[in-house]
Amino acid sequence: MPAVLITGAQWGDEGKGRATDLLGSRVDYVVKFNGGNNAGHTVVVGEEKYALHLLPSGILTPGVTPVISNGVVVDLEVLKGELEALGGRGVDVSRLKVSANAHVITAYHRTLDKVTERFLGKRQIGTTGRGIGPAYADKINRVGIRIQDIFDEGILRQKVEAALEFKNQVLVKIYNRRAISADEVVEDLLSYREMLAPMVCDTGLLLHNAMEDNKTVLFEAGQATMLDIDHGTYPFVTSSNATAGGASTGSGLPPHALTRVISVIKAYTTRVGAGPFPTELFDESGDFLRKQGFEFGTTTGRPRRCGWYDAPMARFSARINGVTDFVLTKLDVLSGLETIPVCVAYDVNGVRHEEMPVNQSDYHHAVPIYEEFPGWTEDITGARKFEDLPQNAQDYIVALEKMSGSRISAVGVGPEREQVVVLHDLLD
Ligand code: GDP
Ligand code: IMO
Ligand code: MG
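For clarity, every value in this text was computed on a predicted model and none was experimentally measured.

## Focus: the nonpolar core
Judged by nonpolar contacts, the single largest core of 54 residues is most densely connected at V217, F219, Y309, L328, L331, L334 and Y396. The dominant element in this core, judged by the number of residues it contributes, is helix α13 (residues 391-404), at 6 residues. Not counting residues up to four positions away in its chain, the partners in contact with V217 are P2, A3, V4, Y29, V31, L207, A210 and M211. Counting residues in hydrophobic clusters, the runner-up holds 43 residues, among them V43, L54, L83 and M195.

Right, dumping it as structure tokens:
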């Protein structure tokens, strides 16, 4: 039975949460397999607006089992806060399962994230400051703390002390900060034991059994292809694999389990944080997209950098993820533009590149080669069928599909649940 992936094609905030919500109760399990509370997924249901950072968006659909699998880094204070807030709004959170192998984000990861960014000065990544990078660094360095360690106080204490021995030297001697007390970290982690006990399990086995039982499993990526640690614009990336391969290592389901790869892509491009962005706009067009699209970060509130659609990036994402379907979001934001430029290739020092350049430094100097498409002035937020869209909007979608490496199966025309034009069923 199907395991389906939803990931982002660009630099995040494409509307992945919204796309998850679109599949609703046709899904039995929704799995967050990478990242942590650096994500910010907004879902609008009627009058209610939900902003989820750590929990997968599928938690909002009654009957769905949400899973936080081994590839995630979990800030337990955030987990508790999000569960309480959703519970308070009447969302049933009782089915949540958390992997015993997931790593935890502790106070020292949050502190290190902030001080290292400050130390980098002009070279900073512009992280969300949530401790993501330092927590993954500890995982790779084999000095991380896993959820299961919380259930063995002796081991937990040993591991926290070992991790802090080095980190406190760095904090005090290099960054001129206070040392962090191992006792305080241990006490804090132990305080979540009761909350965690009913949730913690072998989520790999849980998902394997779900597949055996013909259940539908949906993987919801945090971040996106261009923020992927391996395939993104390194070092201006996050510290996990947000691409399709990450769903396998991050969950314990084998790679061939994935039968459908849905990539969410905006009808233009945005980015938060630092790093190269060839189609970025610094003029009134950028302000137009930011204002019309309300492009301000869900997690940090930062204004998002805005630019035109980048077709080589779409093709790259299609290839890296094996995309079967694109969900094109925020088409409504483009209404009112006379013409809409689309980047079809890059010019790097006089040479035309149809694909992403091999070298990051070339990418920093890539100048977009644009093709212009005629815009439309009609309000399209009420469109529900392809035929409801103005001819120029239809032509824009067809043109993007041709140059993006996979079919476009749904088009967002507004943030609300029903504001979508479905062209192909996303699960059948
Ligand atoms: P995610 O991180 O990929 O889940 O995306 P975010 O939630 O951070 O950002 C996407 C934003 O766009 C949210 O505020 C959504 O409510 C909104 N959104 C999603 N699809 C559409 C759409 O088709 N049109 C408009 N106008 N807004 C949309
Ligand atoms: P969703 O899931 C957009 C960016 C940060 C920064 C870089 C590294 O909502 O699409 P990190 O804190 O992860 O070490 O920061 O990655 N970033 C995101 N940008 N959407 C996200 O998540 C992001 N998560 C991280 O701005 O540039
Ligand atoms: Mg987001």
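## Remarks on the site of ligand 2
Around ligand 2 lies a shell of 20 residues, among which K16, N38, T128, Q223 and T238 are the nearest. Between an oxygen atom of ligand 2 and a main-chain N or O atom of D13, the distance comes to 2.9 Å. Residue G126 places a main-chain N or O atom 3.4 Å away from an oxygen atom belonging to ligand 2. Compared with its free state, where it exposes 550 Å², ligand 2 has 98% of that area covered by protein. Among the residues making up the shell around ligand 2, the classes are represented as 6 nonpolar, 11 polar and 3 charged.

## Comments concerning the site of ligand 1
Taken together, 18 residues sit near ligand 1, with G15, K16, G40, T42 and D332 positioned nearest. The contact in question runs from an oxygen atom of ligand 1 to an N or O atom on the backbone of E14, over 3.1 Å. At a separation of 3.3 Å, an oxygen atom of ligand 1 approaches a polar backbone atom of G412. Protein chains shield 92% of the accessible area of ligand 1, which is 590 Å² for the free molecule. Listed by contribution, the elements that provide at least two residues to the shell around ligand 1 are α1 (16-23) and β3 (41-45).

## Overview of the coordination of the magnesium ion (ligand 3)
Looking at the magnesium ion (ligand 3), one finds its protein donor set to be D13 (OD) and G40 (O), positioned 2.0 to 2.1 Å from the metal centre. Residue D13 is found in the loop between β1 (3-8) and α1, and its partner G40 is found in the loop between β2 (29-32) and β3; the two are separated by 27 residues along the sequence. The same class applies to D13 as to G40, namely buried.

## Regarding the packing of helix α3 (residues 107-120) against helix α5 (residues 153-174)
Taken N-terminus to C-terminus, the directions of α3 and α5 make an angle of 30°; their axes are 12 Å apart at the nearest point. By the angle between their directions, the pair α3 and α5 is classed as roughly parallel. Seen from above, α3 lies across α5 with left-handed handedness. The residues of α5 that touch α3, namely those facing Y108, T111, L112, V115 and F119, are V160, A163, L164, K167, L171 and I174. Among the residues making up the contact of α3 with α5, the classes are represented as 9 nonpolar, 1 polar and 1 charged.

## Things to note about the packing of α5 against helix α6 (residues 182-190)
Helix-helix packing is characterised by the crossing angle of the two axes and by the distance between the axes. In contact at an axis separation of 9 Å, α5 and α6 are set at 140° when each is read in the N-to-C sense. In terms of axis orientation, α5 runs oblique to α6. Of the two possible hands of crossing, α5 and α6 adopt the one that is right-handed. Contacts between α5 and α6 involve E153, L156, R157, V160, E161 and L164 on the former and, on the latter, A182, D183, V185, V186, E187, L189 and L190. When the residues that make up the contact of α5 with α6 are grouped by side-chain class, the tally is 8 nonpolar, no polar and 5 charged.

## Section: the sheet that holds strand β5 (residues 65-68)
Spatial ordering of the open sheet is given by β9-β7-β5-β2-β10-β1-β11-β15-β19-β20, a layout of 10 strands whose pairing is mixed. Looking along the sheet, the strands with just one partner apiece sit at the ends: β9 (200-201) and β20 (420-422). One ladder, built from 5 bridges, connects strand β11 (residues 258-266) with strand β15 (residues 325-329); its direction is parallel. Opposite I262, over in β15, you have D325 as the bridge partner.

Conventions adopted
- Residues numbered from 1 in each chain as written.
- Chains lettered and ligands numbered in written order.
- Predicted model: local features only at pLDDT ≥ 70, side-chain atom pairs only at ≥ 80, totals over all residues.
- Heavy atoms only, no water.
- Core = buried A, V, L, I, M, F, W, Y, C linked by side-chain atoms within 4.5 Å.
- Buried < 20%, exposed > 50% of the residue type's maximum accessible area, 1.4 Å probe, protein only.
- Helix = DSSP H or I, 4+ residues; strand = E, 2+ residues; numbered from the N terminus.
- Contact = heavy atoms within 4.5 Å.
- Near = heavy atom within 4 Å.
- Polar contact = N/O pair within 3.5 Å; in protein donor to acceptor, adjacent residues only side chain to side chain.
- Areas by Shrake-Rupley, 256 points an atom, 1.4 Å probe, with all protein chains shown as cover.
- Nonpolar A, V, L, I, M, F, W, Y, C, P; charged D, E, K, R; others polar.
- Donors = N, O, S within 2.8 Å, 3.2 Å for Na, K, Ca; no water.
- Axes fitted to C-alpha atoms, helices over the stretch in contact; angles between N-to-C directions.
- Parallel < 35°, antiparallel > 145°, perpendicular 65-115°, else oblique.
- Left-handed = near helix turned anticlockwise from the far one by under 90°.
- Pairing = 2+ DSSP bridges.

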